[in-house]
Amino acid sequence: MTERVYSSAVVGLGNIGMLAEADPKRLKPASHVGMHLGSSRVRLIGLVEIDAEKRRYAEERWKIPVFASIEELFKKEIPDILSVATANEAHVPVVLTAAAAKVPAIICEKPIADSIENGGLMIAACKESGSLLFVNHFRRFLPFVQKVRRQIVDEQVIGRIQQVRGLYAMGLYEMGTHLVDLFRFFLGEVEWVMGVHNKKAWNQFPGDYCADAILGFQDDVHAVIQSVDRKSWSTFEIQFVGTIGTLTLRDLGRTAEIVLAADSRLYSGFRELDYATRHSESVESESFFTPLLENVIACLDEKAKPASIGEDGVAVLTVLAALRQSAEGNGVRVDL
Ligand SMILES: NC(=O)c1ccc[n+]([C@@H]2O[C@H](COP(=O)([O-])OP(=O)(O)OC[C@H]3O[C@@H](n4cnc5c(N)ncnc54)[C@H](O)[C@@H]3O)[C@@H](O)[C@H]2O)c1
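Note on numbering: residues in each chain are counted from 1, in written sequence order. Owing to the predicted nature of the model, reporting of local features is limited to residues with pLDDT of at least 70; listing and counting of side-chain atom pairs is limited to 80 or more, with chain, interface and lining totals taken over all residues.

Participant: Would you mind showing me how to read the environment of Thr277 here?
Facilitator: Each helix is a run of DSSP H or I of at least 4 residues and each strand a run of E of at least 2, with the numbering of both proceeding from the N terminus. Among the secondary structure elements, Thr277 is positioned in strand S14 (residues 271–282). C-alpha of Thr277 to C-alpha of Ala262: the two residues are 15 residues apart in sequence and 8.8 Å apart in space.

Participant: I tried to follow the pairing of strand S5 (residues 105–108) on my own but got confused; where do I start?
Facilitator: Within a regular strand, side chains alternate between the sheet's two faces. By the alternation rule, side chains of S5 split into Ala105 and Ile107 and Ile106 and Cys108, which are all buried. Crossovers are described as right-handed under a simple rule: with the strands pointing away from the observer, the path leading from the first strand over the helix to the second runs clockwise. Following the backbone out of strand S4 (residues 81–84), through helix H4 (residues 91–100) and into the adjacent parallel S5, one traces a crossover that is right-handed. Strand pairing is assigned whenever DSSP detects at least two bridges linking the two strands. Summarising the sheet, S5 and strand S6 (residues 132–135) pair through four bridges and their orientation is parallel. Looking across to S6, one finds that Ala105 is bridged to Leu132. For the segment spanning S5, helix H5 (residues 116–129) and S6, crossover handedness is right-handed. Exposed residues have 12 or fewer other C-beta atoms within 10 Å of their own C-beta, buried residues have 20 or more, and residues in between are partly exposed; the C-beta atoms are placed from the backbone.

Participant: Would you mind going over the domain arrangement of the protein with me for this structure?
Facilitator: For an interface, size is often stated in terms of accessible area lost upon the parts coming together. Segmenting the protein into domains produces domain 1 (6–135) and domain 2 (142–284 + 318–335). A domain assignment, automatic or from a database, supplies the domain bounds used here. The centre of domain 1, based on its C-alpha atoms, is set 30 Å off from the matching centre of domain 2.

Participant: Can you walk me through the site of the ligand in this structure?
Facilitator: Residues are classed as near a molecule or strand if the C-beta position derived from their backbone is within 6 Å of it. For the ligand, the set of nearby residues contains 22 residues, the closest of which are Gly12, Gly14, Asn15, Ala90 and Glu109. Residue composition of the shell around the ligand, by class: ten nonpolar, seven polar and five charged. When residues are sorted by character, Ala, Val, Leu, Ile, Met, Phe, Trp, Tyr, Cys and Pro go into the nonpolar class, Asp, Glu, Lys and Arg into the charged class, and all the rest, Gly among them, into the polar class.

Participant: Before we go on, may I ask you to explain the sheet that holds strand S1 (residues 6–11) in this structure?
Facilitator: Sheet strands pair via backbone hydrogen bonds, and the direction of the pair is either parallel or antiparallel. Pairing in this open sheet of six strands is parallel, and the strands run S3-S2-S1-S4-S5-S6 from one edge to the other. Bordering the open sheet on either side are strand S3 (66–67) and S6, each of which pairs with just one other strand. Alignment of strand S2 (residues 42–48) against S3, held across two bridges, turns out to be parallel. Within S3, the position partnered with Val48 by the bridge is Phe67.

Participant: How should the sheet that holds strand S9 (residues 211–217) be read in this particular structure?
Facilitator: Read from one edge of the open sheet, nine strands run S14-S13-S12-S11-S7-S10-S9-S8-S15, paired in mixed fashion. Single-partner strands in this sheet number two, and they are S14 and strand S15 (334–335). In terms of strand pairing, strand S11 (residues 237–242) meets strand S12 (residues 245–250) through four bridges, oriented antiparallel. Paired with Val241 across the bridge in S12 is Thr246. Here the contact rule is simple: place C-beta atoms from the backbone, and any two residues whose C-beta atoms are within 7 Å are in contact. Here, axes are lines fitted to C-alpha atoms. For helices the fit covers the stretch in contact, and angles between N-to-C directions go from 0 to 180 degrees. Strands in contact with helix H9 (residues 310–328) are strand S8 (190–197), S9 and S15; relative to S8, the strand with the most contacts, it is inclined by about 45°.

Participant: Would you mind showing me how to read helix H8 (residues 290–300) here?
Facilitator: For H8, the set of buried residues is Pro291, Leu292, Leu293, Asn295, Val296 and Ile297. Two residues or fewer after H8 comes Glu302, characterised by a positive phi angle close to 65°.

Participant: Sorry if this is basic, but what is going on with unusual backbone geometry here?
Facilitator: Glycine aside, residues mostly have negative phi angles, and peptide bonds mostly take the trans form. Omega for the bond connecting Lys28 with Pro29 falls within 30 degrees of zero, at -5°, which places this linkage in the cis form. The topology assignment puts Pro29 in the loop between S1 and helix H1 (32–37). Lys110 connects to Pro111 through a cis peptide bond whose omega is -20°. Mapped onto the secondary structure, Pro111 falls in the loop between S5 and H5. Although it is not a glycine, Gln156 sits at a positive phi angle of roughly 50°. Position of Gln156 relative to the elements: it lies in the loop between helix H6 (143–154) and strand S7 (161–169). Given 13 C-beta atoms within 10 Å, Gln156 falls into the partly exposed group. A positive phi angle, close to 60°, is found at Asp220, a residue other than glycine. Positionally, Asp220 belongs in the loop between S9 and strand S10 (222–228). For Asp220, a count of 8 C-beta atoms within 10 Å corresponds to the exposed category.

So, in structure tokens, the structure goes:
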């Protein structure tokens with residue numbers, strides 16, 4: 001049986017929409033345009049960008065019709081799949097227009113919106129129109145991260161989770177959003193937060209900020225997040241501390257390293273992490289975009305459910321707002 005080919009389009013041709021494809025170091029596809037062009041199940045029918053210079057670059061490079069607004073694109077054709085890779089404040093108008101046009105699948109970049117209210121409007125509009133809304137907290141789509149979740153949560157390979165710690169850079173709304181989303185993916189809902197502002201860590205965007213914080217989850221599991229200064233170096237790393245060992249997810253989510261506890265060589269009656277047990281598994285060759293589009297296509301084929309939905313995006317925004325409130329109150333506990 002021949003598989004259906006879905007039409008698609010990309011709105012926003014900046015870094016993650018298109019330009020990252022030109023970075024020789026990144027695994028391909030490295031952008032939304034590259035993702036759509038790289039799939040035999042998708043036909044990229046149009047690109048949308050408000051900046052004239054980027055439109056010219058896109059036309060020359062991809063030989064695909066490029067439009068100055070989503071309305072212009074929709075006059076020609078309404079795609080089955082729409083990537084929204086605009087700046088955060090433009091997510092809401094673009095997604096609302098796409099939902100009104102009944103686009104079947106909308107992929108929205110993270111964070112879902114510039115406010116909790118706007119995120120709620122996007123979810124409601126997509127429910128009303130029957131559009132599936134995917135939020136690109138991309139690790140949820142990665143089979144490797146899904147496997148690590150099964151290992152930790154279902155198989156308890158490091159025992160019961162006691163503590164979690166995560167490092168990020170560039171701002172809470174820029175990268176911290178991925179960390180909070182992944183914490184929710186592994187640990188469930190955040191119940192409370194206590195945070196302080198890290199004034200020494202650089203933010204990618206004005207208005208964003210870096211916070212160091214404790215997040216409380218059910219069963220008294222605590223997670224800490226700490227921000228590092230991207231001007232020195234960047235990172236995204238999580239360590240789960242269990243009752244029988246640790247699992248560290250690093251290389252942006254492509255490597256999982258397990259270290260188990262054993263009887264101490266130096267003290268009777270103590271157990272410690274035994275680094276001789278250290279073993280790791282990696283998926284060096286997996287692009288962050290391919291599994292995203294595979295999930296979208298499987299959902300349109302009615303063979304899967306969206307791995308990251310609007311409600312997840314808004315739940316993260318709610319935690320980020322609570323972190324800001326706590327940091328502004330110099331560490332006051334904020335219950336969610
Ligand atoms: N998932 C990830 O890991 C990841 C990584 C980087 C960026 N992002 C997210 O992707 C989005 C874009 O980030 P970026 O770094 O590519 O930003 P960017 O500024 O490089 O690109 C945004 C582009 O959107 C265009 N634009 C703005 N409003 C528009 C509109 N109404 N219609 C069409 N085009 C419009 C801008 O002109 C610009 O070219 C942000 O939400 C960001 O948080 C996600």
